Amino acid sequence: MRMPGSSWFTALALILLLPACDFLNGGGGGGGGTGGGSGSAFTFEKGFTFVRKDDRNVYLVDDADTQTTTTLTGSANVRTPSFSVDGQQIVFVRGTSMDSEIAIVPTAGGIVRTVVATSAQQKNFKTPVFSPDGAQVAFGFDDGNSTRIGLIGADGTGARVLASGGLSQAYPSFTPDGTALIVAAGPPGLGYTQIERITLASNSVTNVTNVLGNEAQGISNRLVISPDGTKAAFDGLVSSSVTRLFVIDLGSKVVTSIYAGEPGTNDSFPCWMGNGSIAFSSDSGGNDSVYKVNLPSSTSPTLLVPKAVEPWYSGR
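Conventions used here
Residues numbered from 1 in each chain as written. Predicted model: local features only at pLDDT ≥ 70, side-chain atom pairs only at ≥ 80, totals over all residues. Heavy atoms only, no water. Helix = DSSP H or I, 4+ residues; strand = E, 2+ residues; numbered from the N terminus. Buried < 20%, exposed > 50% of the residue type's maximum accessible area, 1.4 Å probe, protein only. Contact = heavy atoms within 4.5 Å. Areas by Shrake-Rupley, 256 points an atom, 1.4 Å probe, with all protein chains shown as cover. Salt bridge = Lys/Arg side-chain N within 4 Å of Asp/Glu carboxyl O. Polar contact = N/O pair within 3.5 Å; in protein donor to acceptor, adjacent residues only side chain to side chain. Core = buried A, V, L, I, M, F, W, Y, C linked by side-chain atoms within 4.5 Å. Pairing = 2+ DSSP bridges.

1. Comments concerning the overall build of the protein
Helices and strands together make up the secondary structure of the protein, namely one helix and 25 strands. Residues counted as buried form 52% of the 316 residues belonging to the protein. In the protein, the proportion of contacts linking residues at least 24 apart, taken out of those at least 6 apart, comes to 43%. Element-wise, carbon and sulfur atoms account for 52% of the exposed surface of the protein, whose accessible area totals about 12600 Å².

Quick look at the structure:
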């Protein structure tokens, strides 16, 4: 087990003493509606947060009207937003790989609050997610030639680096009871070809599987556990050098391809819509849109949100 040195905690402690300010490229705050709703009040009950490639801000869209969106940030350079379980907050990464932060914004709009920022030992933040109770945020980051998993309070306190077992780790996802994380893992620099479980109370690592089925060669962008904790979805790199969608049964360890997209199309960033459906972003036809497929498998996905990537769903 490789644990962080005291220098990392000293640097991070200094960061956490700084005010939670909106320091990268200007402020956030509730944006006006777009896509037909400009200037009108925006109400969010359930739906998606996502980003758009042309401006890289946090977007919000409600299921009741997927053509009308609102933006919650104005600073750009945003990646991988995700909801708290109650749908009240969104956590995301923004900034460049060498100068980034993890930040939180309310779904109702308002001040963007910094949780943690880049340090000498901690760069290129990845895929932050809330714990089920909303009190903590797990995230990936670069640590030299390896990638690790960090855990921090949503208020910016109590930062720690979790056990790695000697492998690189990324794409954390909390179990429904909040006692553990499942993470993608693999030898440093060689991709994520395994799945591990980190038990938080003991800070111990156990292997879930080192086999991703017959097609997936590695986990590319996201690994996320189902609401009932029995399965996990991931986007896997396949032999044709595109990403496809897979589900692993965490009990039997059986990996299933859930949707075979068009040749040359990347289907990525899966998220759960309940236990029976998965949404994802796809560049099918040269466009970026969010689609839905129903399990166990589908040949005809449903278009949900146009011009959107890296989705995350909240059903409240």
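That covers the picture; the talk isn't over yet.
2. Some points on the pattern of salt bridges
Using the criterion set out here, one finds seven salt bridges in the structure. Across the salt bridge formed by Asp288 and Lys53, the nearest N and O atoms sit 3.5 Å from each other. Of this pair, Asp288 sits in the loop between β22 (277-282) and β23 (289-294) while Lys53 is found in the loop between β2 (47-51) and β3 (59-62), placing the two residues 235 residues apart along the sequence. Among the residues examined, Lys53 registers a relative accessible area of 55% and is labelled exposed. Among the ionic pairs, Asp142 bridges to Lys126, the shortest N-O distance being 2.6 Å.

3. With respect to unusual backbone geometry
With the exception of glycine, the majority of residues adopt a negative phi angle, and the majority of peptide bonds are in the trans configuration. Cis geometry is found at the peptide bond from Leu295 to Pro296, where omega equals 10°. Mapped onto the fold, Pro296 is located in the loop between β23 and β24 (302-306). You will see that Ala76, though not glycine, has its phi angle at about 65°, which is positive. Note that Ala76 resides in the loop between β4 (65-71) and β5 (78-83). In this model, Tyr171 sits at a positive phi of 55°, which is unusual for a non-glycine residue. Structurally, the position occupied by Tyr171 is in strand β13 (residues 168-174).

4. A look at the side chain of Glu310
Take Glu310: it is sitting in strand β25 (residues 309-314). Only 2.9 Å separates the side chain of Glu310 from the side chain of Arg56, close enough to count as a polar contact. A distance of 2.8 Å separates a polar side-chain atom of Glu310 from the backbone nitrogen of Thr80. When neighbours within four sequence positions are excluded, Glu310 is seen to be in contact with Thr49, Phe50, Val51, Arg56, Arg79, Thr80, Pro81, Arg222, Phe269 and Ser281.

5. What about the environment of Ala216?
Within the element layout of this structure, Ala216 appears in the loop between β16 (204-209) and β17 (218-225). You can call Ala216 buried: its relative accessible area is 11%. Along the primary structure Ala216 and Ser239 are separated by 23 residues, whereas in three dimensions their C-alpha atoms are 7.9 Å apart. The residues contacting Ala216, other than those within four sequence positions of it, are Phe234, Gly236, Leu237 and Phe246.

6. So, the nonpolar core
Ile90, Phe92 and Leu181 are the most contacted members of the largest nonpolar core, which has 35 residues in total. Sequence-distant contacts of Leu181, defined by excluding residues within four places in its chain, comprise Ala138, Ile149, Leu162, Pro172, Ser173, Phe174, Glu196, Arg197, Ile198 and Leu200. Core analysis: the second largest hydrophobic core is formed by 20 residues, Tyr192, Leu223, Ile248 and Val255 among them.

7. Quick word on the pairing of β2
Residues in a regular strand project their side chains so that they alternate between the two faces of the sheet. Within β2, five of the five residues are buried, which leaves the element mostly enclosed by the surrounding structure. Here β2 runs beside β3; their pairing, made up of four bridges, is antiparallel. Of the residues in β3, the one forming a bridge with Phe48 is Val61. Relative to β25, β2 runs antiparallel, the two sharing four bridges. Note that in β25 the partner of Val51 across the bridge is Val309.

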